[in-house]
Amino acid sequence: MGEQLTVSVAASEPLDAAGAVLDDGGLALGSPTGSDTNLSWSYTVQATDAAMYTLTVTAKDKAGNAATAATKTVTLDGVVPTISAVKLWPTRVSGGGTFTLSFKVSEALKGDPVVTFGNGAEPDVAMTKTTAETGYDYTYAGTAPVSGSVPFYTVTVSVTDVAENQGTFSPVTVEIDNVPPDLAGLEVAPLGAKLSDTVRVVLSANETLAGPPAMTAHSGAKVITFVPVDTTAGWVSYSYTH
């Protein structure tokens, strides 16, 4: 898209008043420029161009002798490749963890897509193609950095087709969490319990946990294990019957 197509004709002698006549197959190249022995037509490839055209030039000299028609076929492709069927898993990882991106491209490419992820604060990180593409399907893997000032990373896919039309897309965001949870709140009731009493412990955290932490109590060699009974976002409750 945006490239210039030029059709040039050079004659061995001056041509008649009509000059060289170009049948552009519907491409609408317009009027030529130059002299009657050296003529050229130009056309800027548009984003909607995606077809094959047959160009035919005919000419006569001033005596009326007709030259053998010259024919060329040109294929124009101004359509930018696109991606679809984008999948990212998991969408949240910790530092050093891996995540996978799969997608489909709309047409044959000049080379493999370039896939990176970045948070705008640190340098972008390249993702690696994990398997040979099947048709127009691609799969890439990334490894989360172990440090970063901004947890949200935008994944960017750049593709170039065989005509060198380029498309860049940022379809998904991966969250890279390098901060351990803060287990700031701990409530125990009652603080003194007799036989058959139930002790309830409520543990709160500053973010959603992957699962309830193990909760135990020690008295010398005796170890008491609390059973999680409720988990909601940033807090977990446990119980133990004495």
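Everything quoted here is computed from the prediction, not taken from an experiment.

### Examining the packing of aromatic side chains
Within a pair of aromatic rings, the relevant descriptors are the distance that separates the centres and the angle that separates the planes. Applying the stated criterion to the full structure yields four aromatic pairs. Both rings, one in Phe103 and one in Tyr140, keep their centres 5.9 Å apart while their planes meet at 20 degrees; by these two values the pair is stacked. Of this pair, Phe103 sits in strand E9 (residues 98–105) while Tyr140 sits in strand E13 (residues 137–143), and the two are 37 residues apart along the sequence. Following the ring pairs from residue to residue traces out a cluster consisting of Phe99, Phe117 and Tyr153.

### Some words on the side chain of Thr100
Within the fold, Thr100 resides in strand E9. Looking at Thr100, the relative accessible area reads 19%, which means it is buried. What Thr100 contacts, discounting residues up to four positions off in sequence, is Lys87, Leu88, Trp89, Thr139, Tyr140 and Ala141.

### Structural notes on a nonpolar patch on the surface
Nonpolar side chains collect at one region of the surface, where Leu186, Val188 and Leu191 lie side by side and expose about 330 Å² of accessible area between them. Among the structural elements, Leu186 can be located in strand E16 (residues 185–189).

### Some remarks on the sheet that holds strand E12 (residues 128–129)
If you trace the four strands from one edge of the open sheet to the other, you get E7-E9-E13-E12, paired in antiparallel fashion. The open sheet is flanked by strand E7 (83–89) and E12, the only strands paired with a single partner.

### Details of the pattern of salt bridges
Applying the stated criterion to the full structure yields five salt bridges. In this structure, Asp177 engages Arg92 in a salt bridge whose closest nitrogen and oxygen atoms are separated by 3.0 Å. Note that Asp177 is positioned in strand E15 (residues 166–177) and Arg92 in strand E8 (residues 92–94), a separation of 85 residues in sequence. With relative accessibility at 40%, the residue Arg92 sits in the partly exposed group. Overlapping salt bridges bring together Arg92, Glu175 and Asp177 as one network.

The rules we used
Residues numbered from 1 in each chain as written. Predicted model: local features only at pLDDT ≥ 70, side-chain atom pairs only at ≥ 80, totals over all residues. Heavy atoms only, no water. Phe/Tyr/Trp six-rings, centres within 6.5 Å; stacked < 30°, edge-to-face > 60°. Helix = DSSP H or I, 4+ residues; strand = E, 2+ residues; numbered from the N terminus. Buried < 20%, exposed > 50% of the residue type's maximum accessible area, 1.4 Å probe, protein only. Contact = heavy atoms within 4.5 Å. Patch = residues over 30% accessible without salt bridge, like charges linked within 9 Å, V, L, I, M, F, W, Y side chains within 5 Å. Areas by Shrake-Rupley, 256 points an atom, 1.4 Å probe, with all protein chains shown as cover. Salt bridge = Lys/Arg side-chain N within 4 Å of Asp/Glu carboxyl O. Pairing = 2+ DSSP bridges.

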